[in-house]
Amino acid sequence: MTRATLRPDLAILTMAGFLDARPRVGYFYSGKKTMTSVTESMMNLKVKDFQSLPVVVSENMTVYDAIVHMFLEDVGTLFVVDENTLLQGVLSRKDLLRTSIGSQDLNTIPVHIIMTRMPNIVYCKKTDSLIVAAKKLIERQVDSLPVVHETDKGFEIVGRLTKTNITKAFISLAETHDL
Ligand code: ADP
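It should be emphasised that the depicted structure is a prediction, and the values quoted were computed from it without experimental measurement.

Assigned domains within the protein chain: domain 1 (1-32) and domain 2 (47-170). Using C-alpha coordinates to define each centre, domain 1 is positioned 53 Å away from domain 2.

The structure is reproduced here in structure tokens:
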């Protein structure tokens, strides 16, 4: 094969950023990864590598105390558990706001009255693919998923997966691939 035959191919690879060319050095691999390897790394991201700590409250906590708890813990979603610390419900910012603009006494209403409850809770497991969990967040239009461990009695909560965790994963993917 002649130099002239190869040149157009090398020019295309240089333009695409896969090769660099320097005088007296010649052509060399720039380190740019193919989209296939980005896709592959994306498919390998797991919930357990990006999840946050869960913040849980008891079913009998008052709405007032839940609001205080949400501020102190600096989270957007609280998970509600029963006396065996098994998942029973989810409380979002708007669940608490909705109750606050009503005429009820926030110091007497327990959170189990206003929470979204099982079996309507969308959840994920720590070994799940992050992409599958991200799709659940978008399709169900929620801000976070409890990460659960299934037992014969119910779901233990082992983590919290939020849209922020997905954004962090997105950045880490870009950094890993020098994008
Ligand atoms: P906000 O209500 O502050 O916008 P979300 O979008 O997360 O926050 O919540 C919307 C509604 O969906 C709320 O009523 C909340 O209780 C419920 N919700 C939140 N997370 C989940 C979940 N993982 N599974 C089922 N319902 C959820």
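Still more to cover.
This part is about the site of the ligand. Near the ligand lie 15 residues; those nearest to it are Ser 92, Lys 94, Asp 95, Thr 116 and Asp 143. At 3.5 Å from an oxygen atom of the ligand is found a main-chain nitrogen or oxygen belonging to Arg 93. Separating a nitrogen atom of the ligand from a backbone N or O atom of Ser 144 is a distance of 3.0 Å. Put simply, the parts of the chain that give the shell around the ligand at least two residues each are β5 (87-92), α4 (93-100) and β7 (144-150). Its residues placed into classes, the shell around the ligand shows 6 nonpolar, 5 polar and 4 charged.

Under the criterion given, the structure shown has 4 salt bridges. Note that Asp 143 is salt-bridged to Arg 93, the shortest N-O span being 3.8 Å. Linking Asp 143 in the loop between α5 (130-139) and β7 with Arg 93 in helix α4, this pair joins segments that are 50 residues apart in sequence. Here Asp 143 ties to Lys 163 by a salt bridge, and the two come within 3.6 Å at their closest N and O atoms. Within this pair, whereas Asp 143 is found in the loop between α5 and β7, its partner Lys 163 is found in helix α6 (residues 163-176), the two being separated by 20 residues in sequence.

Here, UniProt's "domain: CBS" (unreviewed entry) annotation points to residues 50-106 and 115-179. Taken end to end, residues 50-106 is 33% helix and 25% strand, and its two terminal C-alpha atoms sit 34 Å from one another. Within the segment residues 115-179, helix and strand shares are 37% and 26% respectively, and the terminal C-alpha atoms sit 41 Å apart.

Definitions and limits used
Residues numbered from 1 in each chain as written. Predicted model: local features only at pLDDT ≥ 70, side-chain atom pairs only at ≥ 80, totals over all residues. Heavy atoms only, no water. Domains from an automatic or database assignment. Near = heavy atom within 4 Å. Polar contact = N/O pair within 3.5 Å; in protein donor to acceptor, adjacent residues only side chain to side chain. Helix = DSSP H or I, 4+ residues; strand = E, 2+ residues; numbered from the N terminus. Nonpolar A, V, L, I, M, F, W, Y, C, P; charged D, E, K, R; others polar. Salt bridge = Lys/Arg side-chain N within 4 Å of Asp/Glu carboxyl O. UniProt positions renumbered as here; feature names shortened; annotations may be inferred.

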